[in-house]
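For reference, the chains in residue letters:
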Amino acid sequence: MSSEAFTKTVLNCLPNGLCSWDYIITVIDSDTIILTELWALREQGSIAIQADRYEVIHVPFSGEWSLELGGNVVAIAVKPNLLTWFFEVSWHDQTLVLRTDGLFSSSFVIEQDNLTLGTIRKKHAFTKRATVDCSSCIDLGVQVFLFWLAVLMWKRQTSNHNASAGGAAGGGV
């Protein structure tokens, strides 16, 4: 890999509100502001980076999402098994893996060919605030797409927990 693979992009991710799964993301050491939306009913959304507006499209009744910019597919994520927190993400001619860091962990690891390229972590267990620390060899739009997928899994976990406990949606900011 080039030396660019060893430089990092760090994203600071703050939810829009206590019950929101939409985020305002700042790129550390940059003036870039990113906005994400997760449309709950269809598991679709959007990512706005500067003037670029990406769409996250979910293929109905499948474990496949695509990241699109201007009608062109930038990346495709496939969740091969409904019961796992694992995605294979195709981007250009590369395949990335987004998986949980452990059996009961809500942290994610980004890998390529068994090499860790990044992490996605909540600041602590009782918050939706998160940090993405990722190799800058991965396009910023794809990094945010990986974060968007992690948020989808966190939302599903919260929804499943609340449904089984009979409670309302939760999760601190």
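Look above for the structure.
Because the structure is a prediction, the values reported are computed rather than measured. (Residues numbered from 1 in each chain as written. Predicted model: local features only at pLDDT ≥ 70, side-chain atom pairs only at ≥ 80, totals over all residues. Heavy atoms only, no water.)

Draft legend 1. Structural view of the pattern of salt bridges. Here the structure, examined in full by the defined rule, presents five salt bridges. Residues Glu111 and Arg99 are paired through a salt bridge, measuring 2.9 Å at the closest nitrogen-oxygen approach. Here Arg99 lies in strand S9 (residues 94-100) and Glu111 lies in strand S10 (residues 108-112), a separation of twelve residues in the sequence. For Glu111, a relative accessible area of 11% gives the class buried. Of the charged contacts, one joins Asp101 and Arg121 as a salt bridge, the two residues approaching to 3.6 Å between their closest N and O atoms. Taken together, the residues Asp101 in the loop between S9 and S10 and Arg121 in strand S11 (residues 115-122) connect sequence positions 20 residues apart. Given the relative accessible area of 39%, Asp101 is considered partly exposed. Of the residues examined, Arg121 reaches a relative accessible area of 35% and is grouped as partly exposed. Here the salt bridges share partners, and the residues they tie into one network are Glu37, Arg53 and Glu55. (Salt bridge = Lys/Arg side-chain N within 4 Å of Asp/Glu carboxyl O. Helix = DSSP H or I, 4+ residues; strand = E, 2+ residues; numbered from the N terminus. Buried < 20%, exposed > 50% of the residue type's maximum accessible area, 1.4 Å probe, protein only.)

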